[in-house]
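Here is how the chains run, residue by residue.
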Amino acid sequence: SIDVKKEIHEGCNFCIVGKIAEKKGQFDCIQAIKRLACSFDSGFHLYIVGDGKRKYVSILKSYIKKNNIEKYISFIGYSDNVAQILGNMDVGILASDYEAFGRVTVEYASAELFVIASDKGGTKEIIGDNALYYKYGDYVTLAEQMKYCIDNSDLVKSNLKKIKNYVDQKFSQDVCTDSIMKIYKDLA
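Reading guide: rules and limits
- Residues numbered from 1 in each chain as written.
- Predicted model: local features only at pLDDT ≥ 70, side-chain atom pairs only at ≥ 80, totals over all residues.
- Heavy atoms only, no water.
- Helix = DSSP H or I, 4+ residues; strand = E, 2+ residues; numbered from the N terminus.
- Expected span 1.5 Å × (residues − 1).
- Buried < 20%, exposed > 50% of the residue type's maximum accessible area, 1.4 Å probe, protein only.
- Arc of directions from axis to C-beta.
- Phe/Tyr/Trp six-rings, centres within 6.5 Å; stacked < 30°, edge-to-face > 60°.
- Core = buried A, V, L, I, M, F, W, Y, C linked by side-chain atoms within 4.5 Å.
- Contact = heavy atoms within 4.5 Å.
- Pairing = 2+ DSSP bridges.
- Axes fitted to C-alpha atoms, helices over the stretch in contact; angles between N-to-C directions.

Concerning the environment of Ile 33
Item 1. With respect to the helices, strands and loops of the structure, Ile 33 is situated in helix H1 (residues 26-39).
Item 2. Along the primary structure Ile 33 and Ile 64 are separated by 31 residues, whereas in three dimensions their C-alpha atoms are 9.6 Å apart.

Observations concerning helix H6 (residues 139-151)
Item 1. Between its first and last C-alpha, H6 extends 18 Å over 13 residues, near the 18 Å set by a 1.5 Å rise per residue.
Item 2. Along H6, the positions that sit buried rather than exposed are Leu 142, Ala 143, Gln 145, Met 146, Cys 149 and Ile 150. Across the axial projection of H6, the buried residues extend over an arc of 160°, all falling on one side.

Comments concerning the packing of aromatic side chains
Item 1. Summed over all chains, the structure comprises three aromatic pairs.
Item 2. Pairing Phe 27 with Tyr 63 gives two aromatic rings, centres 4.9 Å apart and planes at 75°, and the pair type is edge-to-face. Taken together, the positions of Phe 27 in helix H1 and Tyr 63 in helix H2 (residues 54-66) put the pair 36 residues apart, joining distant regions of the chain.
Item 3. Relative accessible area serves as the criterion here: at 28%, Phe 27 is assigned to the partly exposed category.

Concerning the nonpolar core
Inside soluble globular proteins, nonpolar side chains tend to come together where they are buried.
Item 1. Ranked by size, the top nonpolar core spans 34 residues in total, and within it Phe 14, Leu 46 and Ile 116 carry the most contacts.
Item 2. Elements represented by at least two residues in this core include exactly strand S1 (12-17), H1, strand S2 (44-49), H2, strand S4 (91-94), strand S5 (114-118), strand S6 (132-134) and H6.
Item 3. Discounting residues that sit within four places of it in the chain, Leu 46 has contacts with Phe 14, Cys 15, Ile 16, Cys 29, Ile 30, Ile 33, Tyr 72, Ile 73, Ser 74 and Ile 93.
Item 4. Counting residues in hydrophobic clusters, the runner-up holds 21 residues, among them Ile 85, Tyr 108, Val 115 and Ile 127.

Some words on the sheet that holds S6
Item 1. If you trace the six strands from one edge of the open sheet to the other, you get S3-S2-S1-S4-S5-S6, paired in parallel fashion. Every other strand in the sheet has two partners, leaving strand S3 (73-77) and S6 as the edge strands with one partner each. Taken over all neighbouring pairs, the strand axes of this sheet differ in orientation by 20° on average, direction set aside.
Item 2. For S2 and S3, the ladder comprises four bridges, and the chain directions are parallel. The partner of Val 49 across the bridge, within S3, is Gly 77.
Item 3. On top of the sheet, helix H4 (residues 103-110) reaches S1, S4 and S5; it is set at about 170° to S4, its chief contact.

What follows is the structure, given as structure tokens:
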């Protein structure tokens, strides 16, 4: 569990945390934001947290500028204090092609963020039906899931404590240590 101080803000803040790379889904998020900008003039923002190869980041920023959606997207860069950033977020997006365990999923849930995830990672195993899912690469459905979060922010926010408690109980250090010890005992 990470210690996050939630901050009051306007609108719906989305974030995608992790290395910026082609298979991590930032481009899908940007394309989804472009679709949302056709429906809403304001009330949402995407924060891209992490760093990546300069050339790829430049491609993403050029696309954003070309499509005139700069006011909806901010690049935060790498941060040693992700908990502080997550305090100002409402929805965490997991858009990558593959995630082995889904540490970011646990961080999002521990920070009381609602989760939208691609169907490719371990999110379903971690938080089950407590998230919205879309087919990896389908930015149209991703935009629809994001729109749902904007339109139903009260409903989304009402589930956050439940999701946090579920993840904290399932992935606390004591629970994980006990599970590992059980595996060792079974092998012995």
